[in-house]
Amino acid sequence: MKLFEFLGYYNYWVFAVLLMIGFYAVIAKANLIKKLIGLSLFQSAVFLMYISMDKVEGGTAPIIKPDAVDQLYSNPLPQVLILTAIVVGVSTLALGLAIVVRIKERYGTIEENEILDAD
Amino acid sequence: MTIIFAIFLLTMLVITAVAIVQSSNLFVSVMLTSIFSLLMSINFFVLDAADVALTEAAVGAGITTVIFLSALALTATQEKPNSSGRGIALVVVGLTASLIIYATFDKPRLGDPNAPVHQHVAPYYLDNTMEQMGFPNVVTAVLSSYRGYDTLGEVFVVFAACIGVLFILDARTGTGPMYVARQMTGLRHHLIPQVVARILVPFIVLFGLYVQFHGEYGPGGGFQAGAIIATAFILYALIEGEQAALRAVPRSAQLGLVICGALLFGMVGVLCMIMGGEFLDYSVLMENPVTARQIGIIVIEAGVGMAVCGAMLSIFHAFAARSAGDTHETV
Amino acid sequence: MDFAQHLPVLQVIIPLLAAPLIVLLQPRGFAWAATTATAFFSFAVSIAIAARILAGDILHYEMGGWFAPIGIELRVDAFSAIVLLIISGAAAISLVAARTSINQQIEHHRQPLFYAAWLLAIAGLVGMVVTADAFNIFVFMEISSLAGYILIAGGPDRRALPAVFKYLIIGTIGATFYLIGVGMIYMMTGTLNLDDMAQRVVGIEDQRPILVAAAFVFIGLALKAALFPLHVWLPNAYTHAPHMVTVFLAACGTKVAVYVLLRFQFTIFQSFAEHLLQFALFLMPLALLGITVASLVAMFEGHLKRMLAFSSVAQIGYILLGASLMSDSGFTASTLHMFNHALAKGALFLAVAKFATQYADLRIDSLEGAARSMPLTSFAFVIAGLSLIGVPGTAGFISKWQLIMAIMETGNMGFIMVGIVVISSLIAVAYIWRVVETLYAIPTDNIPASATNVNVKSEKMDLLLVALMFTVAMNIYFGLVPALPFTLAELSSQILLQVKF
């Protein structure tokens with residue numbers, strides 16, 4: 001039981017750490033693609049937080065087994081939300097990459113400081 | 001045992017994340033991101049989120065990596081060193097971190113069946129899905145029916161990304177001239193990938209269709225299926241070359257898939273309104289509400305699958321059909 | 001099918017489902033015509049909704065037939081109604097006026113995609129306003145954001161690209177923070193429906209996750225609303241976007257984020273009196289700083305669009321200042337200003353778009369003497385500028401006056417705040433006057449940047465000019481007859497301040 005509790009906290013701390021790593025990459029890195037990678041890490045961390053919420057001890061995936069009574073199921077709602085959020089994240093990423101490609105074509109570089117200097 | 005494994009996975013996630021950010025070679029970063037997604041997907045599975053694991057694997061590890069690599073081919077693979085701005089970044093990040101850690105201490109214990117999250121709304125879904133929908137996958141039930149409006153929004157987010165990429169990269173559709181780079185002949189000269197891929201492609205499509213139609217009985221559904229089928233076509237494009245792939249599924253077909261998928265979903269909703277119910281209230285479509293809901297869900301999942309497949313293909317081809325350095329005057 | 005019953009849904013699905021169809025309209029001009037027609041339909045729906053609200057109803061709609069909180073619920077009240085009017089009105093007017101300007105800035109074969117994105121932006125914004133479900137807000141927020149990025153990135157100016165990239169990064173961080181906040185609230189309450197959350201938060205509001213959640217939601221939405229000091233993406237994005245896009249976004253883009261922010265604060269976190277007080281104490285100085293700094297920067301800014309963009313940041317400050325007063329009249333002022341600022345800024349940016357059809361360079365100094373060849377447009381700019389400043393007789397005056405009166409009610413601190421409002425209005429006079437003076441100047445030699453885009457040397461009477469004149473007339477009309485927005489604003493403030501238990 002203690003170990004399970006530790007897992008709960010550990011999950012949450014890993015979420016915080018991943019969030020920070022991603023967020024740091026977005027702010028501190030000048031390369032535009034690195035920023036987008038950081039953004040995707042940042043969003044993945046949030047997904048982890050939501051999904052950690054859905055676990056029920058002793059439960060299983062929320063697909064109802066018709067013959068098993070008294071079966072505990074994990075919570076389906078965060079899963080639905082994260083399914084949506086993953087797709088939204090990929091869409092944003094695709095759009096961001098298209099913008100980066102155009103920036104490369106029109107500015108010749110994808111480092112933020114060089115772009116600022118060019119204008 | 002599972003707990004040790006979960007702890008190990010989480011640690012690997014952190015290590016991979018640090019490696020991603022530290023590496024200055026963008027290609028390495030992207031490949032590590034793909035591994036990160038896969039680890040995340042396994043972690044989701046350990047946490048009982050089967051549908052999400054499948055989606056993260058298909059969309060996160062699969063499609064995202066492909067799009068990143070296509071974009072890298074058009075930009076640069078090496079990041080230039082730059083050390084300004086680190087101080088402020090660390091401060092901001094530190095503040096946010098402390099805010100989150102501050103919140104750790106009162107939150108409910110992980111896995112506690114009495115946590116607020118598991119009361120109220122979730123038991124309703126778990127108890128009533130079999131009776132109201134007639135199939136066991138609660139996640140699909142919530143996604144397509146109880147919270148179907150969110151899914152409609154999601155399909156349109158995908159649609160927005162698709163038209164956005166087409167708009168920004170100025171990829172022409174229909175009968176206009178196509179921007180296809182000259183040397184896109186694919187990996188035709190490499191025998192092993194070619195043989196293996198040719199065998200794999202039909203099975204991937206078959207698996208995608210399986211995931212699409214069995215979304216109600218097991219993990220799966222429109223999004224995963226769309227991504228998997230798109231992956232099959234992208235594999236074909238990588239092996240046979242852009243021109244062959246665009247002959248197989250022309251740009252107009254890709255865009256058509258997206259539009260038809262999105263409209264199919266919307267029209268089902270409107271049909272429900274016309275037949276007297278609320279928007280997306282499938283139970284009015286037929287006499288028996290349970291069957292009506294199943295039919296409604298199958299149709300909208302098909303719409304979702306079509307839209308996602310078409311969008312992913314459009315986005316991939318928009319990136320892949322360009323080569324670095326080409327100017328884009330009309331041919 | 002009973003239309004009246006389905007009004008909230010129709011508001012969202014009319015633009016949403018029209019968008020994929022627009023993409024198919026390749027022939028020239030069809031995409032624009034269809035999009036404008038759709039926008040007018042949307043506007044008609046908003047008017048119908050507003051009529052129902054003024055008659056005393058609150059509109060509820062259960063999506064999919066599922067009751068809340070099992071399903072997603074739509075809920076439209078007075079606050080939503082006024083914001084819906086702003087969004088669909090701004091969309092309709094800017095689309096009607098858009099044809100010449102967009103034809104000039106965006107190639108024909110890309111226009112169907114562009115107009116489809118515009119409809120998605122409208123759908124996303126109205127979707128955020130009508131829903132009563134926290135996660136649904138996130139989904140539609142992302143639809144409107146993605147569509148917004150597409151619209152801004154469309155123009156010929158290459159500086160739009162880094163601007164929109166920065167907006168994308170900041171916007172996504174904002175949306176993700178919002179998601180974290182909602183996740184934490186969900187973790188503690190088990191529901192996503194706003195009203196339900198409000199009920200279930202009672203009793204646990206002191207616990208840390210809720211407080212942290214409130215902070216995350218606030219920061220996320222503040223990023224989207226361009227609240228000082230998180231406004232950094234706004235000036236460049238507005239400046240380098242295609243001109244008609246700036247008209248639309250300036251009128252309603254950030255206001256919807258402010259709407260969601262106020263909804264959250266006053267629906268869910270309402271029961272904690274001290275929390276609300278903290279919120280006010282925190283928000284007020286930020287708002288005041290925003291007003292002051294942004295107005296000062298605008299005064300020294302040389303590019304016409306960027307100056308107006310900073311002015312927008314200042315105006316958001318006014319809106320939030322009204323909200324931070326926590327009083328009935330404060331909220332009325334705040335909501336009213338959302339409406340009136342949309343009118344004033346919309347008119348100003350329409351004038352800029354019209355200038356842009358003739359002049360290539362929009363730096364203020366380059367527009368010297370423009371009034372001679374574009375008299376109507378310059379006159380319109382003057383009137384709209386007066387409305388922005390808040391001169392009596394214009395719409396802007398009504399909301400500024402209401403704001404000042406609301407501040408006076410708070411007592412001693414009030415004098416400082418009134419002082420700041422008055423001083424910033426004077427600064428607005430300064431920057432508007434600078435433009436007007438340049439426009440009407442009679443130089444010893446001759447005129448400004450030569451027209452590189454259009455060969456006409458005279459002011460063509462086209463839809464853009466008509467829309468501009470109409471909007472300016474609206475500014476005067478609502479300045480003299482403010483009944484409609486005023487009533488809706490008062491109703492909104494009553495709703496926001498209501499205690500629910």
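An account of the accompanying structure is given in this report. (Residues numbered from 1 in each chain as written. Chains lettered and ligands numbered in written order. Predicted model: local features only at pLDDT ≥ 70, side-chain atom pairs only at ≥ 80, totals over all residues. Heavy atoms only, no water.)

**Overview of the overall build of chain B**
For step 1, the next point in the chain: Helix and strand content of chain B: 12 helices and 0 strands.
For step 2, the next point in the chain: Shown N-terminal to C-terminal, the secondary structure of chain B runs as helices and strands in the order α-α-α-α-α-α-α-α-α-α-α-α.
For step 3, the next point in the chain: Evaluated residue by residue, chain B yields a buried proportion of 58% over its 331 residues.
For step 4, the next point in the chain: Partitioning the intrachain contacts of chain B with sequence separation of at least 6 by distance along the chain shows that 72% fall at a separation of at least 24. (Helix = DSSP H or I, 4+ residues; strand = E, 2+ residues; numbered from the N terminus. Buried < 20%, exposed > 50% of the residue type's maximum accessible area, 1.4 Å probe, protein only. Contact = heavy atoms within 4.5 Å.)

**Quick word on the overall build of chain A**
For step 1, the next point in the chain: The number of helices and strands found in chain A is 4 helices and 0 strands.
For step 2, the next point in the chain: Put simply, chain A runs from its N terminus to its C terminus through helices and strands in the order α-α-α-α.
For step 3, the next point in the chain: The C-alpha atoms of chain A give 20 Å as radius of gyration, which overshoots the globular expectation for 119 residues (14 Å, by more than 25%).
For step 4, the next point in the chain: Its C-alpha atoms put chain A at 65 × 30 × 10 Å along the principal axes.
For step 5, the next point in the chain: The buried share among the 119 residues of chain A stands at 75%. (Rg over C-alpha atoms; globule rule 2.2 N^0.38 Å.)

**Describing helix α10 (residues 243–267) of chain C**
Residue and element names in this part refer to chain C.
For step 1, the next point in the chain: Taking 1.5 Å per residue, 25 residues should reach 36 Å; α10 reaches 36 Å between its end C-alpha atoms and fits that length.
For step 2, the next point in the chain: The axis of α10 is deflected most strongly, by about 45°, at L249.
For step 3, the next point in the chain: In terms of burial, α10 is largely enclosed, as 24 of its 25 residues are buried. (Expected span 1.5 Å × (residues − 1). Bend = angle between axes of the 7 residues up to and from the residue.)

**Focus: the interface of chain B and chain A**
For step 1, the next point in the chain: Taken together, the contact pairs 93 residues of chain B with 81 residues of chain A.
For step 2, the next point in the chain: When chain B packs against chain A, close to 7900 Å² is buried across both sides, 77% of that on carbon and sulfur atoms.
For step 3, the next point in the chain: The interface formed by chain B and chain A holds 10 residue pairs in polar contact (both at pLDDT 80 or more) in total.
For step 4, the next point in the chain: Of the residues in the side of chain B that touches chain A, the class split is 61 nonpolar, 20 polar and 12 charged. (Buried area = accessible area lost by both parts, 1.4 Å probe. Polar contact = N/O pair within 3.5 Å; in protein donor to acceptor, adjacent residues only side chain to side chain. Nonpolar A, V, L, I, M, F, W, Y, C, P; charged D, E, K, R; others polar.)

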